[in-house]
Amino acid sequence: MSESNVVLDSLSYTSYYVECCFNDVFLASGTCFFVKRNDVDYLITNWHIVSGQNNETKEYLDKKHGAIPNNLKVHIFKNQSTVERIVHTIPLYDENDTPLWLEHPSFKEKVDVVAIKVTIPNDMLIKYVEEAIEPYNEQTKANIKDDVYVLGFPFGISEGEGFPIWKRASIASEPIIDIQDRPLMYIDTASRSGMSGSPVIYKERRGVAICDTHPTKATKISHFFMEFIGVYSGRIGADDEFKAQLGRVWKKRVIDEIINR
């Protein structure tokens, strides 16, 4: 597929399919994305993805093999011309079996988000969520009842031809309130397994004046307002479709809290 033949949303390049593996044995799938801090690349995903355990109960998630992952196989674009992906293996433990991921300094695994320092080979292309989202209007924020999108892989990598599925949701709790005294909020969505670790994006269609070359005078118009909301980590009531289908989203501030610990 040539990019000259199609028009793709730039955010579709920011979410990546993850295979959680023990050596080469596939255990589960999930989603990740990347951020850059001080010229260092970090992979962002959920604690339960890298540990193979429920972050609340510590129950092991793999029932078939009884194993926990020791590496992530991430499907990364080779380039944006052919939309070809390469599988890049990222170890989860060092030679002393010490975890390589960073946890939240205060809440540890109770915040279901981790950051892993990574080096991406030059022949692979990653696109950062935050760089794809310009702060078009910093005075406007997503509010309760607003629609957001969870960009992940609920069916694995094949259904979207290598690109994430954009699952619509709505903000179900007041964003300024921390649920259970943790940096957590709820969204209303009927998501599925495989979307854990997805970036959650607010994208509203409207005209927004941008002052990019002049401090007070608009020089161009954007057709969207966008905001990075946080990291998705599964649903409450996922075991019963008749329960309230509330998804958990860890607020974006946890990423810097983890990296700057």
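Residues numbered from 1 in each chain as written. Predicted model: local features only at pLDDT ≥ 70, side-chain atom pairs only at ≥ 80, totals over all residues. Heavy atoms only, no water.

Q: With reference to specific residues and values, describe the pattern of salt bridges.
A: Inspection of the entire model under this criterion finds 15 salt bridges. The closest approach of N and O atoms between Glu-56 and Arg-182, which form a salt bridge, is 2.9 Å. On the criterion of sequence distance, the pair formed by Glu-56 in the loop between helix 1 (47-51) and strand 4 (71-77) and Arg-182 in the loop between strand 9 (165-171) and strand 10 (184-188) is long-range, its members being 126 residues apart. Overall, Arg-182 belongs to the buried group, its relative accessible area being 10%. In this structure, Glu-257 engages Arg-253 in a salt bridge whose closest nitrogen and oxygen atoms are separated by 3.4 Å. Taken together, the positions of Glu-257 and Arg-253, both in helix 3 (residues 253-259) and 4 residues apart, correspond to about one turn of that helix. For Arg-253, a relative accessible area of 37% gives the class partly exposed. Each member of the salt-bridge network shares a partner with another, and the members are Asp-178, Lys-251, Arg-253 and Glu-257. (Salt bridge = Lys/Arg side-chain N within 4 Å of Asp/Glu carboxyl O. Helix = DSSP H or I, 4+ residues; strand = E, 2+ residues; numbered from the N terminus. Buried < 20%, exposed > 50% of the residue type's maximum accessible area, 1.4 Å probe, protein only.)

Q: An account of the sheet that holds strand 3 (residues 40-45) is requested, with residue identities and associated values reported.
A: Taken in spatial order, the 7 strands line up as 5-4-1-2-3-7-6 in an open sheet, and their pairing is antiparallel. Looking at which strands have only one partner, the edges of the open sheet turn out to be strand 5 (85-91) and strand 6 (101-102). Alignment of strand 4 against strand 5, held across 7 bridges, turns out to be antiparallel. The partner of Leu-72 across the bridge, within strand 5, is Ile-90. (Pairing = 2+ DSSP bridges.)

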